[in-house]
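# Notes for the structure review
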Amino acid sequence: MLKSKNNHHINFSSSKINFYKSILRAFLFVFILVTAAAFSQNNTQKGDIYVDNHGLMRWKTSNKEVQGFGVNYTVPFAHAYRSAKRMDIDQKKAIENDVYHFSRLGFDLFRVHVWDTEISDTLGNLIVNEHLDTFDFLMKKLADKGIRAVITPIAFWGNGWPEPDESTPGFSHKYGKDNCLINPGAIKAQQNYLFQFLNHVNPYTGLAYKNDPNILAFEISNEPHHRGSEKEVTNFIKGMVKAMKKSGTKKPILYNISHSVHLAEAYFKAGIQGGTFQWYGTGLGYQREIPGNLLPNTNDYNIPFDKTIKKYHGAKYVYEFDAADMGKSYIYPAIARSFRQAGIQLATHFAYDPTYLASTNTEYNTHYMNLAYTPQKALSLMIASEVFHEIPMYKDFGKYPKNLTFDNFKVNYENDLAEYNAETKFIYTNHTTTNPVNEAKLKLIAGFGNSSLVKYDGLGAYFLDKIEEGIWRLEVMPDAVWVDNPFGRNSPEKTVAVINWENHNMVIHLQNLGSQFDIEAINKGNTYSKLVENASFSIAPGTYMLSKKGVSKIWKTNDDSAFGKLNDFYAPKTTVTKPWFKHMPETEVSENASLPIKVNYIAPNKPQEIQLVVYSNGKSKIYKMENKAAYSYSATIPAEMMTAGFLSYHIIVQHHEENYTTYPAAKTGRQFDWDFYDRSTFEVRVVPKSNPIHLFNAAKDSDLLVKEWRKSFKLVPTKNEGEAEYQMNLEKLFVTDIENLNAKPIYDYSFKHFILNEIKGRKNDLPLMKNMIFKGRSLNEKPCKLQIAFVMNDGSSFGNNIEIGTKTTDYKISLSSLKPLKTVTLPRPYPSFLPYYLDHNLSSQFDITKVESIQFSIGPGISENELTDKHGIAIISLRLE
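Residues numbered from 1 in each chain as written. Predicted model: local features only at pLDDT ≥ 70, side-chain atom pairs only at ≥ 80, totals over all residues. Heavy atoms only, no water.

### As for the overall build of the protein chain
Assigned secondary structure in the protein chain consists of 14 helices and 51 strands. The C-alpha atoms of the protein chain give 30 Å as radius of gyration, which agrees with the globular expectation for 881 residues (29 Å, within 12%). Referenced to the eigenvectors of the C-alpha coordinate spread, the extents of the protein chain come out at roughly 95 × 80 × 55 Å. When the 881 residues of the protein chain are sorted by exposure, 56% land in the buried category. For the protein chain, restricting intrachain contacts to residue pairs at least 6 apart in sequence, the fraction spanning at least 24 positions comes to 70%. Taken as a whole, the protein chain presents about 37,700 Å² of accessible surface, with 51% of it coming from carbon and sulfur. Between the centroid of the 100 positive side chains of the protein chain and the centroid of its 92 negative side chains there is a distance of 4 Å. (Helix = DSSP H or I, 4+ residues; strand = E, 2+ residues; numbered from the N terminus. Rg over C-alpha atoms; globule rule 2.2 N^0.38 Å. Buried < 20%, exposed > 50% of the residue type's maximum accessible area, 1.4 Å probe, protein only. Contact = heavy atoms within 4.5 Å. Areas by Shrake-Rupley, 256 points an atom, 1.4 Å probe, with all protein chains shown as cover. Lys, Arg positive; Asp, Glu negative; His and termini not counted. Charge placed at Lys NZ, Arg CZ, Asp CG, Glu CD.)

### Section: the packing of helix α11 (residues 332-341) against helix α12 (residues 375-390)
A pair of packed helices can be characterised by two numbers: the angle between their axes and the separation between those axes. Contact geometry for α11 and α12: axes closest at 8 Å, N-to-C directions at 25 degrees. By the angle class used here, α11 and α12 are roughly parallel. Here α11 and α12 pass one another in a crossing that is right-handed. Only K377, S380, L381, I383, A384, V387 and F388 of α12 make contact with α11, whose side of the interface consists of Y332, P333, A336, R337, F339 and R340. Of the residues in the contact of α11 with α12, the class split is nine nonpolar, one polar and three charged. (Axes fitted to C-alpha atoms, helices over the stretch in contact; angles between N-to-C directions. Parallel < 35°, antiparallel > 145°, perpendicular 65-115°, else oblique. Left-handed = near helix turned anticlockwise from the far one by under 90°. Nonpolar A, V, L, I, M, F, W, Y, C, P; charged D, E, K, R; others polar.)

### Notes on the packing of aromatic side chains
The full count for this structure, using the stated rule, is 51 aromatic pairs. Aromatic side chains F409 and Y420 sit 4.6 Å apart centroid to centroid with 15 degrees between the ring planes, which places their arrangement in the stacked category. Of this pair, F409 sits in strand β14 (residues 409-412) while Y420 sits in strand β15 (residues 417-421), placing them eleven residues apart in sequence. What makes F409 buried here is its relative accessible area of 1%. In this arrangement the basic side chain of K177 is found over the ring face of W157, its NZ or CZ atom lying 4.5 Å from the centre. Sitting above the plane of the Y286 ring, R288 keeps its charged end 5.0 Å from the centroid. (Phe/Tyr/Trp six-rings, centres within 6.5 Å; stacked < 30°, edge-to-face > 60°. Lys NZ or Arg CZ within 6 Å of the ring centre and 35° of its normal.)

### Re the nonpolar core
Counting residues in hydrophobic clusters, the biggest one holds 141 residues, and the most contacted among them are F110, F135, I151, F197, I237, F277 and F321. Element by element, the count of residues in this core is highest for α12, at eight residues. By size, the runner-up hydrophobic cluster in this structure holds 41 residues, among which are F713, I848, L867 and L878. (Core = buried A, V, L, I, M, F, W, Y, C linked by side-chain atoms within 4.5 Å.)

### What to know about the sheet that holds strand β11 (residues 315-322)
Ordered in space as β3-β4-β5-β8-β9-β10-β11-β12, the eight strands form a closed barrel in which the pairing is parallel. This sheet shows a mean twist of 25 degrees between the axes of neighbouring strands, independent of strand direction. Bridge count for strand β9 (residues 253-256) against strand β10 (residues 274-280) is three bridges, and the pairing is parallel. When the bridges of β10 are listed, Y255 appears paired with G275. With respect to the sheet, helix α5 (residues 130-144) is in contact with β4 (109-113), β5 (148-152) and β8 (215-219), its orientation differing from that of β4 by roughly 165 degrees. (Pairing = 2+ DSSP bridges.)

### Observations regarding the pattern of salt bridges
With the rule as written, the count across this model stands at 41 salt bridges. With a shortest N-O distance of 3.0 Å, R86 and E163 are connected by a salt bridge. Of this pair, R86 sits in helix α2 (residues 78-86) while E163 is found in the loop between β5 and α6 (171-180), placing the two residues 77 residues apart along the sequence. Where D306 meets K310, a salt bridge forms, and the shortest distance between an N and an O atom there is 3.5 Å. Note that D306 and K310 are positioned in helix α10 (residues 306-311) at a spacing of four residues, about one turn of the helix. Here D306 falls in the buried class, since its relative accessible area comes to 16%. (Salt bridge = Lys/Arg side-chain N within 4 Å of Asp/Glu carboxyl O.)

### Describing helix α7 (residues 184-199)
Look at α7: 23 Å from first C-alpha to last across 16 residues, which is about the 22 Å you get at 1.5 Å a residue. Looking at where α7 begins, the residue whose side-chain oxygen comes 2.8 Å from the main-chain nitrogen of G185 is N183. (Expected span 1.5 Å × (residues − 1). Polar contact = N/O pair within 3.5 Å; in protein donor to acceptor, adjacent residues only side chain to side chain.)

### Side note on the side chain of Q855
By the secondary structure assignment, Q855 is in strand β50 (residues 851-858). Leave out the neighbours within four places in its chain, and Q855 touches F751, Q787, I788, A789, V791, S797, K822, T823 and V824.

### Some details on the packing of α6 against α7
The contact between α6 and α7 brings their axes to 9 Å, and the two run at 110 degrees. Our classification of the angle between α6 and α7 gives roughly perpendicular. Where α6 crosses over α7, the two elements pack in a sense that is left-handed. Counting all contacts with α6, which are made through F171, Y175, N179 and C180, the residues of α7 involved are G185, A186, I187, A189, Q190 and Y193. In terms of residue class, the contact of α6 with α7 is built from seven nonpolar, three polar and no charged.

### Concerning α12
Under the 1.5 Å per step criterion, the end-to-end length of α12 is 23 Å for 16 residues, consistent within 8% with the ideal 22 Å. For α12, the buried fraction is high: 13 of the 16 residues fall into the buried class.

### Let's talk about the confidence of the model for the protein chain
Any residue range with low pLDDT should be treated as having predicted coordinates unsuitable for detailed reading. Mean pLDDT for the protein chain: 94, with 95% of residues reaching 70 or above. Counted against residues more than four places away or in other chains, residues 1-47, with its pLDDT under 50, gives 14 contacts. (pLDDT = per-residue confidence, 0-100.)

### Comments concerning the side chain of S648
Looking at the secondary structure, you find S648 in strand β37 (residues 645-656). The buried category is assigned to S648, whose relative accessible area is 14%. What S648 contacts, discounting residues up to four positions off in sequence, is V613, V614, Y615, T681, F682 and E683.

### As for the environment of R58
Locating R58 in the fold gives a position in strand β2 (residues 57-59). A C-alpha to C-alpha distance of 13 Å links R58 and Y317, two positions 259 residues apart in sequence. Ignoring anything within four residues of it in the chain, the contact list for R58 reads D48, I49, Y50, D52, N63, K64, E65 and V66.

### Overview of the sheet that holds strand β27 (residues 542-548)
Read from one edge to the other, the open sheet built from ten strands follows the order β13-β14-β15-β16-β17-β19-β20-β27-β24-β25, with strand pairing classed as mixed. The open sheet has two free edges, formed respectively by β13 (405-406) and β25 (529-532), since each of these has just one partner strand. Across six bridges, strand β20 (residues 471-476) lies against β27 in antiparallel orientation. From the neighbouring strand, I471 faces β27, where its bridge partner is S547. Against the sheet, helix α3 (residues 91-104) contacts β17 (444-447), β19 (462-468) and β20, and its axis sits at roughly 130 degrees relative to β20. Against the sheet, α12 engages β13, β14, β15, β16 (425-428), β17 and β19, with an angle of about 140 degrees to β16.

Structure below.
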């Protein structure tokens, strides 16, 4: 009887709860509609952004600081648009998918330099065509996700890169960038174009750009590089500002002031409300991934003409930035920190790869960013967005390395880790042992790899969003595997990365979820459903709802969420249609020391086995390679096999039964088959510990030097077979910077060579070395002073000066004589006004086992009366003995 009453009471309570939930849901629905209407009304106001007397962009309605962080993205124009057509890709569908990823990463700002050459004629009349229509569609989709924009109407570029330019109808094609800045006809065309562009009504929003509340500001043009007088430059910009204001827009008008910075005063006299900046702190176009610790390059964004900006109450916006040629994930929050310290209010990364191009990275090969294909880098950019929304402008966190931990953020080079650990959000780019500061209040977890809350052995990003108590939304991206150099010479025929949809194990330890919970797939075409025991389960890419055991289902798959609908999901399908094998053999190792061998292998079907076949001193031995991580196989050659001589090996992939492929030949069969004709092997030099360690060889390493190019540099063979000298002749140590004519001369030419690969196999022998030996000579028939320094993994430098004579011979520096020296910021950054030397708080002692690169400098030790003379060296090699 009691049981019956209790059951009746329970059912009655459930009914009441469901009734009240229905009322609450209806109330929330009405509330959302009212709020959306109010938001729409507020956002149709003209001039809803203004720049105050402190150079701060503020919302007119609330007076609050404008915040924004996001990306450049170019699908409506140029190579990206043409590529989509060639690939039979629907540009608008591609935009919807990528914009969803923008919102998933927390971006709320977009920027593009519009290819005016594709949407204008020679008189500056706006041409309404497929490019403008696609751009209008993009602007609408961004607005739908709450992503605002800063638009640069004039790019000046042709529309070809990386292809040849097409014959486009615009004024930029007729006049070219240089003439656009001085030719009266070109100037008139630009003014006409700007007026028409701002008045253009987007058919998808019904709003003219000049009134669109989703557009925060306009940057007149992209990187104009003025060379005229101050008066000429001011008059040019005034004309553009006048044409734009003639449209009736009240939006801030910005101008690029990070080029030709000596003209900063002239820019502001023209009536602009702020300046735009760039930062490529790791240089551009290295053609391969830059190794080593690049955090010193992000230490400081010092603007030497900041007083001029403040004098005119100018706002600051970074239109482009990247850590170019970097595959690591640790660096973006550090860049964002330095921007905020410099008073930068908004920033947009350059550039987000359209997902349909990311497998080949053909658009801008020195850059690479996409959630699907570069998940760890994308998560790092997500954290950088949090920096811009959390760190106050001008907040100072000190000098490197003190500034690597700041507020809720942390960056770590050694672990390739960037981390954001706040009360409601926990985001990490790699495996981390950090515990969340307050698990009970977490609403978002985004990561890669393992943490105290999530363990995942896949190679894609994942996101966990708290919907309400005991209910979480899980989104899992597929595996991304880099199979070739993404930063080199790329082509639609060259695949640099692949996507693979694979089931992986995941463990979620959330107190709010418990160890028993239901998983239900909600993205289209995904039917996975499971009751999880012990918090561990196998998962494929997709979107899922996780419900704690006993918690009722109160959601619907198409419910709204912070980034769209609950069931939203996009990822490229599997692109693994053939095997991909990647292995980087050591060139030289020490004898009597074990040698780990690692292979990355991905194929449509997982291999049955991978074997390592080793040959040493007439002996051979087979080792099974263990699959200890996704697509990663490893084995260790024991020390007893590592005797002085040449060690060689094959790697054999067994697909199934008697089907094999042998590498490095990459041919079907095994090396001992009678018809296997390619007997090439991987080969390693095994040397005694006392052997010299070779750090630089001009014949093979000159292209790897990190340097500023001079036309006089050249590689020349010597009289010795296989030997060459790299001749570096400097007409001037200091070359006037046309982008900064007021720069104080620094009479120094420095270049760098990373030696991580050279010393990897000999690292344990480094403490045995006593001297650094430079082989080469001076040029110009006179001696040349050269400073050579080791740069350690924390950025500190230790070296000494040596005088190089005109005779080709060995020049010795004792390692015991090394002393602390200035570290030059290499690669040199863009813009060029940034600091030449690293300003740090390091107090390291020299440790040769922590060396990452060598810094060569011509300038230190040269007498003052010789600084303007010609200086040069010819370098053949550098070694340790």
